[in-house]
Amino acid sequence: MFGAGSGSCAELFAVRKRFGTITALDGVDLDVRSGELLALLGPNGAGKSTAMGLLLGLSDPDAGEVRLFGQSPHTLEARRGVGVMLQSAGLPDTLKVGELLAQTRSYYSEPLSAAECAATAGIGDLLGRRYGKLSGGQQRRVQFALAICGRPRLLFLDEPTVGLDVEARQALWASMRSLVASGCAVLLTTHYLEEAESLADRVAVLGRGRIIADGSVREIRARVAQRRIRCVSTLAPETISAWPEVRSICRDGDRLEIVTNSAETVVRQLLWEDKRLSELEVERAGLAEAFIEITQEAA
Amino acid sequence: MNAIVQALPRVSLPRIYTLEGKHEFLRLLRAPSFAVPTLLFPPMFYLLFAVLFAGRSGDFHANIYLLATYGVFGVMAPGLFGFGVSVALDRERGWLTLKRALPMPPGAYLASKLAMAMLFAAVIFTILAIIAITLGGVRLPASAWPQLLVVDVFGVLPFCAIGLFVGTLVSGQAAPAVINLIYLPMSFLSGLWMPLTVLPGVVREIAPWWPAFHLGQLALGAVGEPTTGSALGHVAILAAMTVVFLFFARRRLQRSA
């Protein structure tokens, strides 16, 4: 269990971490394998940031072991393989973007050129401007540039797209995808489940200080039997909600949306009772529903 | 066949330290709330009280006395504010956390701030010296100037330690107020604005509690004004205060981690 795991970039083994009387992590095993994008999900206060902080050497576990590239995260050598974008990183307002980039590049042995960083993060036109004068979205792009400038083998992204508009978020997603394609592993925490759904190779869900689910997006979604049926029908919602298989129903204009664990039975019944039913759709629960169900089970 | 050569770490420590220091300096220079009072107040006070309204009372040389003590008053600021406010802000805004997560050599953060404070001290010394010579009519033996420079530049160290400690205690918003509450009364009570001899006896008695008093005595000694106590004693007390505050600051920084 303590093997260096040739494919692992970063590992937590049976880690416990307490803050005062609060147990943030209560026996967590986690590994980030090289070249994969692992999304770490969980409700607020589930211990995501604590887990990331341990892997970066920002704090030490009370019990268990933390390994970054097989070494202690306190060693500079291990951290030189890492790029970081933290949720709240207020960089100095009075420094220019180019200066921040030069400074961060100097920590790494083989950094990308400033021009490459700027091109990848889309900040080419910002290098001469002071950080404090940038918009929120521009600041996030600068933080992303700092995260990738050291050619990391493992990138830590803590809520990277908070405060970005749709376009900027898509651009950042594209950058993440191309980084992963080039072999960089990513540990991503996010509140946007569609982000995890669209990017992650693997998802780990933290709840109450433990890993309560770990698998591919498909595996996690499959843990939830729920499906969603949409259709246009003249049937009264009250009638349908009386059917034993129906968990919930809501009406939007002439559209019905039904949540059920056995879609086949409900669809058969619907088609039988309303011969003119139209626009039928059946959809498996998304990661969001799965996530809610998994975290509620664990609670 | 690819010969995979273990890439040697080509991180250049001098380059890291140079950039950190340079950026720390630029950062403060571009912050008007820091740079303007720090660089302007000591020469402004000197002009007012040593040049324009200098009292002509017997053997008290306001131009020489205040060159020494406003120099001390001046170099306290980059130590107290440069460390106190910026550490409090860096801590609060997460910049310190990010730096600790990045592969930055652990000493670079404090070393760069220290270099910045010493550089500011040297600048303040230079401005005051130029005004003292040109407008204040100060003539000192050649050996006095480098002595005063050394006192000013190394004299920032205890104030850096105090600033660092305060920066680990209070929020970025509260830091300027808290530091002003330390800075201004301590300057007055240490005889930096007017000689202790004209202040009430109780002020003279408690003066040895303040680091600014000891640095003031060293600076006065450098320019040949009368002092109390031995230079070695003042240095020892300042060094001890530096160590004590560094110790507590370090403990606070580790706890908040």
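This structure is a prediction, so every number in the text was calculated from the model and none was measured. (Residues numbered from 1 in each chain as written. Chains lettered and ligands numbered in written order. Predicted model: local features only at pLDDT ≥ 70, side-chain atom pairs only at ≥ 80, totals over all residues.)

K.L.:
Help me understand the interface of chain A and chain B, please; the structure alone is not making it clear to me.
P.N.:
Taken together, the contact pairs 24 residues of chain A with 25 residues of chain B. When residues of the side of chain A that touches chain B are assigned to their parent elements, the largest contribution, 4 residues, is made by helix α3 (residues 97–105) of chain A. (Contact = placed C-beta atoms within 7 Å. Helix = DSSP H or I, 4+ residues; strand = E, 2+ residues; numbered from the N terminus.)

K.L.:
I keep staring at the confidence of the model for chain A and nothing clicks. Help me out?
P.N.:
Predicted coordinates in regions of low pLDDT should not be interpreted in detail. Residues and elements named next belong to chain A. Across chain A, the average pLDDT comes to 88, with 97% of residues at or above 70. Ranking the helices and strands of chain A by mean pLDDT puts α3 first, with 95, and helix α11 (residues 287–298) last, with 74. In this model residues 1–5 is a low-confidence stretch, pLDDT under 50, and it forms 5 contacts with partners more than four residues away in sequence or in other chains. (pLDDT = per-residue confidence, 0-100.)

K.L.:
So what exactly am I meant to see when it comes to the sheet that holds strand β4 (residues 63–68) of chain A here?
P.N.:
Strand pairs in the sheet, formed through backbone hydrogen bonds, run parallel or antiparallel to each other. Residues and elements named next belong to chain A. Read across the open sheet, the 3 strands follow the order β2-β1-β4; overall the sheet is antiparallel. Here the strands that pair on one side only, and so sit at the sheet edges, are β2 (22–33) and β4. Averaged over all pairs of adjacent strands, the angle between strand axes in this sheet comes to 15°, irrespective of strand direction. The pairing of strand β1 (residues 8–19) with β4 spans 5 bridges and is classified as antiparallel. (Pairing = 2+ DSSP bridges. Axes fitted to C-alpha atoms, helices over the stretch in contact; angles between N-to-C directions.)

K.L.:
So what exactly am I meant to see when it comes to the domain arrangement of chain A here?
P.N.:
When the parts of a complex come together, some accessible area is lost, and that lost area is often taken as the interface size. All names here are of chain A. Each domain of chain A was delimited in the assignment, giving domain 1 (8–221) and domain 2 (224–298). Domain 1 puts 13 residues into the contact, and the matching count from domain 2 is 11 residues. Going through the elements one at a time, α7 (193–199), β8 (202–207), β9 (210–215) and α8 (217–222) are the ones with two or more residues in the side of domain 1 that touches domain 2. Tallied by class, the residues present in the side of domain 1 that touches domain 2 amount to 9 nonpolar, 1 polar and 3 charged. (Domains from an automatic or database assignment. Nonpolar A, V, L, I, M, F, W, Y, C, P; charged D, E, K, R; others polar.)

K.L.:
Help me understand the pairing of strand β7 (residues 185–189) of chain A in this model?
P.N.:
Where a strand is regular, its side chains alternate between the two sheet faces. Residue and element names in this part refer to chain A. Within β7, 5 of the 5 residues are buried, leaving the element largely enclosed by the surrounding structure. With burial as the criterion, each face of β7 is covered, one bearing A185, L187 and T189 and the other bearing V186 and L188. Sheet analysis places strand β3 (residues 37–41) next to β7, joined by 4 bridges and oriented parallel. Residue L37 lies in a different strand from β7, and its bridge partner there is V186. Relative to β7, strand β6 (residues 154–158) is paired through 5 bridges, and the arrangement is parallel. Residue pairing for β7: L154 is matched across the bridge by A185. Between β6 and its parallel partner β7, the chain crosses via helix α6 (residues 166–181), and the hand of that crossover is right-handed. (Buried ≥ 20, exposed ≤ 12 C-beta atoms within 10 Å, placed from the backbone. Right-handed = clockwise from strand over helix to strand, strands pointing away.)

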